[in-house]
Every structure is written in C-alpha cells, then in structure tokens.
Amino acid sequence: MSDPALSPVTAAEFTEPPQIEMRRLPRLLGGALKLTLAAARREFLLITALQAVGGLGLVLPILGGRDLLDRLLVAGAGSSLAGMLLQGALTLGLLGVIGLATAVATSRDDVLSEQLNRYALGRVLDVACTIELEQFERPEFHNRLERASMSARIRPHQLTQGLGALTSAVMSTLGIALALAAIEPLLVPATLLAGVPLWFASLRSGRVLFDALFRFTPAERERSYLLDVLTTRRAAKEVRAFGLAGYLRARWERRTDERLAEIRVTARRRLRITILARLTSGVALGSVLGLVLAMAVTGGMAVADAGAAATAVLLLGVRLRTAAAGTDQLFEAAPFLQDLQGFVALAPGSSPPKLPQPGKAPQAPMSPPSLQARPEPVGFRRLRVENLTFRYPSGRHPVLRNVSMEIGAGQVVALVGENGSGKTTLAKLLSHLYRPQAGRILYDDVDVTAADPDRLRHSITVLFQDFQRYLLSAADNVGMGRWERADDRAAVTQAARAAGAHDLLAALPQGYESLLGPEFAGGIDLSGGQWQRVALARAFFRDAPFIILDEPTATLDARAEHLLFEQLRTLLAGRTVLLISHRFATVRMADHIYVLDGGRVAEHGTHDQLMSAGGRYAELFTLQAAGYLDPQPRDSG
Ligand SMILES: Nc1ncnc2c1ncn2[C@@H]1O[C@H](COP(=O)(O)OP(=O)(O)OP(=O)(O)O)[C@@H](O)[C@H]1O
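Since the structure is predicted, the reported quantities are computational estimates derived from the model, not experimental observations. Residue positions within a chain follow its written sequence, with the count starting from 1. For this predicted model, a pLDDT threshold of at least 70 governs which residues receive local features, and a threshold of 80 or more governs which side-chain atom pairs are given and counted, while totals over whole chains, interfaces and linings are taken from all residues. Side-chain calculation: all heavy atoms of the structure are included, whereas hydrogens and water are not.

(A) Examining the site of the ligand more closely. Taken together, 14 residues are adjacent to the ligand, and Glu137, Gly420, Lys423, Thr424 and Thr425 come closest. As used in this structure description, the phrase polar contact means that two N or O atoms lie within 3.5 Å; if the pair is within protein, one of them must be able to donate a hydrogen and the other to accept it, and residues adjacent in sequence are counted only when both atoms belong to side chains. Glu137 places a polar side-chain atom, nitrogen or oxygen, 2.6 Å from a nitrogen atom of the ligand. Note that an oxygen atom of the ligand is positioned 2.9 Å from one of the backbone N or O atoms of Gly420. Only the protein chains shown count as cover for residues, and the accessible areas themselves come from Shrake-Rupley with a 1.4 Å probe. Its free accessible area being 640 Å², the ligand has 67% of it covered by the protein chains. Within the shell around the ligand, the residues separate by chemical class into two nonpolar, nine polar and three charged. Near, as used in this document, describes a residue that has one of its heavy atoms within 4 Å of the molecule or strand being considered. Here the term charged refers only to Asp, Glu, Lys and Arg, the term nonpolar to Ala, Val, Leu, Ile, Met, Phe, Trp, Tyr, Cys and Pro, and the term polar to all other amino acids, Gly among them.

(B) Molecular detail of the sheet that holds strand β8 (residues 576-580). By this definition, two strands are paired if DSSP reports at least two bridges between them. Numbering goes from the N terminus for both helices and strands, where a helix is a DSSP run of H or I of at least four residues and a strand is a run of E of at least two. A sheet is described by the order of its strands in space; here six strands give the open sequence β6-β7-β8-β3-β9-β10, paired in mixed fashion. For this open sheet the edge positions go to β6 (460-463) and β10 (600-605), each flanked by a neighbour on one side alone. In this sheet, adjacent strand axes meet at a mean angle of 15 degrees when their direction is disregarded. Bridge count between strand β7 (residues 546-550) and β8: five bridges; the pairing is parallel. When the bridges of β8 are listed, Ile548 appears paired with Leu578. Sitting on the sheet, helix α15 (residues 528-542) touches β6 and β7, and the angle it makes with β6 is about 175 degrees. Convention adopted: a line fitted to C-alpha atoms gives each axis, helices being fitted over their contacting stretch, and angles between N-to-C directions are expressed from 0 to 180 degrees. Residues count as neighbours in contact if any of their non-hydrogen atoms are within 4.5 Å of one another.

(C) Region of interest: the pattern of salt bridges. Salt bridge criterion: a side-chain nitrogen from Lys or Arg within 4 Å of a carboxyl oxygen from Asp or Glu. Throughout the structure, instances matching the rule amount to 27 salt bridges. Between Arg270 and Glu332 there is a salt bridge; the shortest N-O distance is 2.8 Å. Placement of the pair is Arg270 in helix α8 (residues 245-297) and Glu332 in helix α9 (residues 303-344), with a sequence separation of 62 residues. When sorted by exposure, Arg270 lands in the same class as Glu332, which is buried. Here Arg489 makes a salt bridge to Glu513, at a shortest N to O gap of 2.6 Å. Taken together, the residues Arg489 in helix α13 (residues 489-498) and Glu513 in the loop between α14 (502-506) and α15 connect sequence positions 24 residues apart. The rule is simple: take the accessible area with a 1.4 Å probe, protein chains only, and divide by the maximum for that residue type; under 20% is buried, over 50% is exposed, in between is partly exposed. Overall, Arg489 belongs to the partly exposed group, its relative accessible area being 36%. Residue classification places Glu513 among the partly exposed residues on the basis of a relative accessible area of 46%. Residues joined in a network through salt bridges with shared partners are Glu222, Arg251, Arg255 and Glu258.

Here's what the structure looks like:
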C-alpha cells in the first residue's frame, strides 16, 4: 500500500545503504513533513508556531537593548529613568513571553512524539501484516524490518525536533539579521557565511551514522536474538537445562563489544567532522567581530552601534549553532526515513485486516459453527494439484518436485512420509501461504494458483504443528479461529467440546475468561497436549470447508488421540480434510493416502492398496506396527 505521506523515494531492495543526494533532500524533507502532518497536524503546527514566536521574538529584546544603551550614552544622566525602566520592563516581558512559548512547545513534544511513533509504526505494521509470507524467509527482509521498526520509533520525531529547532533558529536568525542589517547590512551575509561549514558537517555526519548502522543491522539482529533467547520464558528452561547461559551471554557480550567498537569509530569520525566545521565557522565569526572592532576604532561605526552589532553577531553565531543542531537532527533522520519509505513501499495493495469495532456486533460472514452440519464445500468439489514444484527462497534445491494429487470434497486424504519429505511445505502451498515456482492448483478445473490468497484462505483452516499459543484468554484462543464472531460463546464452547478442551477450560479459575500463559498477571499455563486441544478447538471454530491438520495429535495422550480420530469423521463430516501424520493407525482410516519421499509423490492409494503394493508405505507401516508388538523371542540357539 502506498501511503501519500510516505511516498517512496525508491522502493529498490536496499542491500547497499541508499544514497542521499543533495538534490533529493528537499523531496525527502517534503515527504517527511507530509508524514508529520498526516500523523499529528494540530500538534505539529502548534509547536512550530510557538517555536517561531520564540525565535522571532528575540529581535525585539536586541533592538530594545540597543535603544536603552543608546539613550544612556547619548542622554546620560539627563534621560528619563521612568522611560528607561518601562522600556526595560517591556523587554523583560517579551523575554518572558518567549520563554513561555518555548515551555509550552516543549511540553507538547511528548504527545507529538507518541503520535508520530504510532503513525510510522502503523505503516511498518501495514507491511508486516500484508506482505507475502515468503518475505519472512529472507534475511534481507528481516534486516529492513528491523531498521524500519527502529527508524519508525525515533526518526520521525527526530525529524520534527530538527525542523522545530531549525524553524526557531531561522526565525531568530532572521530577527537578529534584521536588527544587524539596521546597524550595518554588510555584516549580515558575512556572519551567515559562518553557518555554511556547519550545514555541510550535519549532512556528512548524518550519512556516516546511517552507513554504520546500516552495515551493522545483521549483527544487531543477532544480538537481539541472543537477548531474546536469554530473556524469554520460552527458552529459559532449556538454557538452564543445558547450562547455556554463560555461553550465550559470552556471544552476546562479543557482539556488543563489536558494536561498541563500531560506535566508537563512528563517533570519532563524526567528532572530526564537527570539530573541523566548528573551527572553520569560528574563524569566520571571529573575522566578522574583528571587522566590527575595526569599524568602531576607525570611527566607521558609533560605539553603541558597534556594541549592539557585536552582540548581534555573537547572538547570530549562537543561533547558527542552534540551526546546525537542527540540521544535525534533520540530516541524521533523513537517510533513515528514506530507508523507512522504501520499506513502507513494499506493502502490497491489499488493505490491512479490519479490526473489530469495540461495542459493535461482529459481522458473521459464515454461518454459526455447527460441527455436525454438512455444509457444501465453498471452494471446490475437486481439488487438483498438477506438477507442483517449490523451492524456499533460502533453499538451494526444490523441496517439492512435480507433485500431483487430487482431493475430492468431503474426503479425508492423508499425507505421510519421512521427516523433511515436504509434507508441511505442501500443506503451506495448499493453504496459499506460498506460491509454487511451477505447477498449478485447480479448484474444479479453475486455476487458483495466482488467485487472491486472502479470499481463498477464508475457506481453509490450517492447524500447524507449531501452532500459536496466544497469551490471551481461553475464549480468545478459540474465538480467534474466526475473530469476526469470536463473541459467539455457544460456538466457542461447542468447538472446545469437539476438540476435547471444554472440561479443561471450564475448570480454569475464571473458566473461558482465564488468561492462558503465566507471563501476564493471573495467567495459567497449560500442558503441551492441553494447548494442542485449544489449538484444535480454534481450528474447529473456524468452521471452514477445507481443513488441513498437520500432526494434530502429536502431543495428545493415547486416549485423546483415539477419541479424536474416532470422532473425526463425524466432527468434520462434509468437510475436506488433509491430514498429515506419522501415526499410521490414524492414517489408515483416510480415504486416500499420498506418500511423499524427497519432495516427490512416491506412491498413493488406499491403505489396503498400499499395503498390497508392498512399497514405501507398507515398509513404514510395518516398521511402526512392529514397535507395538511383543519383541520376537531371542533365538537361544
Ligand atoms: N522455511 C524454510 N526455508 C528453507 N527450507 C525449508 C523451510 N522449511 C522447510 N524447509 C526444508 O524443506 C524440506 C521439507 O520440509 P517440511 O517441513 O515440508 O517437511 P515435513 O515432511 O513436513 O517434515 P516433518 O515430518 O519433519 O514435519 C526440509 O528439508 C526442510 O529443511
């Protein structure tokens, strides 16, 4: 999705740091300004106006000060004290107003920061939620995602701070320049020239920082990963059981040392740039002050004028520094924002999923789940797969080669094969999570290989081996199978019953409202098999006509597994089921069985046909069955 506020400068794959060219800067800053206005128009305009008041207001105290000095020197003791006091009070009053404007601007800054953060992170989420799953297989995508997430958090705000500081500095510079021009116009361009080295330094320094962080993204991701392993509950028990904490910690420390070294080098390079720029700027400013002094000494300028001019030149110097601090921020943020814009441009045209409206009755596009009902399959009466070939982006060889199969609506088809033979991958293709490089998927002779996957997935349920454990309420864990009608408590309970999870969930302290997972206050953890029942309930609750179950009973106890498969036919009657399982006792009840071997279909048929064929299936079946039989008595002879 292209966001007008984040229109891409370039959406190319950034394997190299993007180049920021001077001619692109106005466009980039314009884009960033649009982003700010889209995210927080009111807050931004208010803050900018206050900063402008703060900046422009400086001119009056300077001119007021010069007037006071003039009166004192010219009129001496004869001048009116009351008039002078009034003028002094006015000047102080103005300084107060300026201070107030600045204070209010600062106080609104936190809100602005949060609004920008939300908006920019929202655009990052637009990409993360809608981009094809395949991108998550690519390290380059993760590098970009990491940078975009980091940039979204801090860079838009940094940009507005830079813009604010610059606006304020430009306004006050303008004010002081006007005051200086009233004294001696020549001094204005001479003083402003002193700002040029600072401006170039900002540009260069920002670039140096971005290049360093760009180079460091993969290492930084590794560091974050190690931190994650060391700090999350998921990994904590294995880290302890294997005594890995010290080893992993040392790796994290090493990566951190490398990062620190890189940051030191970068900081030194940036410091060199800054020192050089400040020296050049300081010399230029000193020369202007020398000129003022010379003019005063040679009588070219009155003493009061020279005093005010010197003050104005010094103040201008300070303002130029403030402006440089602004441009520092601006040019530091610019390449990161360009990178972010490129990432945001990756979002496909589809809109992000709609969120349920609080308090609004959820729409129910599907009929309430009635697991005993026999709805006609929505998608197909016959699904055909023709010569499917698929390779993962990071893989060297195809994982599936010329796979062809057929599934009739209402059938239970099983996929078996050894570890790594491609079963889960085929399930991912059939649920339209990935697109094959070759071959077709046909619904009743209609090629749906390139159809809108979101629409197709509406009629599919997939329960993966590594299903999610949502740290939400038990009811949510089930209801998220079809969030649009997650409030339908009767249906949630029905799905939980079908999956053998109802008694367990009803017995929790707050029943279905109990929070699952102990990471949040009041949360309760479940056993592996109990979690699997909840995941199965979620799959049932989805109530889709085509159900893909990848090892749905891997962690269920023998009784639960037996019960489930006893009931499966009844529970899922009328639905098409693709069942992946290593348990042949389960597989044998399928209408048709496909055996995968090294990414190819090695054989297929009914259990009886495959057993009579005496091929791979018969071999695996017999091997497993032998494990349940009494061992052969040892030959004592
Ligand atoms: N995301 C991935 N990127 C690269 N290769 C992958 C990816 N996922 C799986 N593979 C590879 O694809 C092959 C098939 O994996 P798949 O998960 O489909 O096998 P499977 O038959 O389901 O195995 P299992 O019985 O162990 O679940 C394996 O060699 C695996 O290494």
